[in-house]
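Chain by chain, the residues:
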Amino acid sequence: MAKRAVQQPLPGTTDRRIAALLNLLAENATIVVSGARIAREIGVSRSTVWRWVNRLRELGVRVKGEQHTGYFLEKVPDILTPDTLRQRLKGSVFGKRIHHFFKIDSTNRVAMELGHSGEPEGTVIIAEEQTAGRGRAGHSWHSERATGIYVTVLLRPKISPVQASLLTMMAGLSAFSAIRAQSDLKLDLKWPNDILIGGKKVGGILTEMHAEPNQVRFVIVGIGINVNQEKFPADLSAIATSLRAETGRPQSRLELLVRLLRQFETDYNQFVVNGPESVIRNFETVSSFTRGERVRVTNGVEAFGGITDGLSREGFLRVRPDGRGESVSIIAGDVTLDRSVVVVAKKQRNDK
Ligand code: BTN
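Residues numbered from 1 in each chain as written. Predicted model: local features only at pLDDT ≥ 70, side-chain atom pairs only at ≥ 80, totals over all residues. Heavy atoms only, no water.

## Some points on the pairing of strand β2 (residues 70–73)
Two elements, strand β1 (residues 63–66) and β2, share 4 bridges in a ladder whose sense is antiparallel. Counted as the bridge partner of lysine 64 is phenylalanine 72 from β2. (Pairing = 2+ DSSP bridges. Helix = DSSP H or I, 4+ residues; strand = E, 2+ residues; numbered from the N terminus.)

So, in structure tokens, the structure goes:
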């Protein structure tokens, strides 16, 4: 299929003129800009300006004013507009082709399609809101509007399909470093794709690929980070947290996304040149979960409890099943922390 030479707007992506409206308001923050001037400068009618202002308001952008008085921004918003990102990512492979959606089903779904249509390495897809955000193992990813980071990057590494899953761990490490650079929170990584704070999930990675038996065609790495959520739906509130909830103050999504993509680029270049050894080593170093943690493993065939025992040379989690001396590599399946057993075991120790 023919490659896209210039970036064509995809159906549903943010109209560049909405981004221009936002920029115009941001450049004149707290000054009233008349509807007529905005309409003239971005080339739309005054009623379109009014409609777009309301759209921005729905996203939580604090635009004051009316059609007849003009508009002003009460506060410069934390929207991940492609123009701003492009500027902040100058010189980065991720600053070249950015597709931004106010609302989309899943950035991974879009990235998959773009991968098939020949879009180049480094393409970034961002959404302010996802209506069908995908998680690992068929789970969904809660993607509340303008509160989290929902981003997918498209890569075309010359690696074998087995190595592609290591990109999940690499992305986890990149997210770990980016969050650490912005806050002094104590983070943990749970193999292969969870970013945790105090045992609760603050971020996750979903890597998908299109490959021949021995060669990857493209990989998409989707990253979700809970940044400014103040509360979660009932079924998630015990297991999910956000950076805002943990630090007690709102966090800039823009700063975090820029840090994340820059760090990702550094880590990815290293991965491509030096191979995945350092990813496996670093993951073992920062993840308390990979050693001595009681877990429950479920795969299609069996379920068993055991203790984590580091990572294999290929990056698989090693688990020593209860009652057996030898550790096994977990190649597929779900690994969950088995805190209930730890609590019982501790209680029994205390009872003695
Ligand atoms: C997980 O921990 O289960 C993985 C979550 C991955 C969520 C991100 S949000 C951006 C990208 N688009 C998706 O639909 N999913 C990933």
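Here the narrative resumes, following the displayed structure.
## A look at the site of the ligand
Taken together, the neighbourhood of the ligand is formed by 21 residues, with Ser106, Thr107, Arg134, Arg136 and Lys201 sitting nearest. Note that an oxygen atom of the ligand is positioned 2.7 Å from one of the side-chain N or O atoms of serine 106. At a separation of 2.9 Å, a nitrogen atom of the ligand approaches a polar side-chain atom of threonine 107. Protein chains bury 98% of the 420 Å² of accessible surface belonging to the ligand in isolation. (Near = heavy atom within 4 Å. Polar contact = N/O pair within 3.5 Å; in protein donor to acceptor, adjacent residues only side chain to side chain. Areas by Shrake-Rupley, 256 points an atom, 1.4 Å probe, with all protein chains shown as cover.)

## Observations regarding the confidence of the model for the chain
On average, the chain scores 89 in pLDDT, and the residues at 70 or more come to 93%. Throughout residues 1–5 the model reports pLDDT below 50, and contacts reaching past four residues in sequence, or to other chains, amount to 10 contacts. Note that pLDDT drops below 50 for residues 341–352; the model gives that stretch 2 contacts with residues more than four away or on any other chain. (pLDDT = per-residue confidence, 0-100. Contact = heavy atoms within 4.5 Å.)

## Regarding the packing of helix α7 (residues 166–182) against helix α10 (residues 277–286)
Across the interface, α7 lies against α10 with an axial gap of 10 Å and an inter-helix angle of 50°. Relative to α10, the element α7 is oriented oblique. Read as a crossing pair, α7 and α10 show a hand that is left-handed. Across the interface between the two elements, Leu166, Met169, Met170, Leu173 and Phe176 of α7 pack against Val279, Ile280, Asn282, Phe283 and Val286 of α10. (Axes fitted to C-alpha atoms, helices over the stretch in contact; angles between N-to-C directions. Parallel < 35°, antiparallel > 145°, perpendicular 65-115°, else oblique. Left-handed = near helix turned anticlockwise from the far one by under 90°.)

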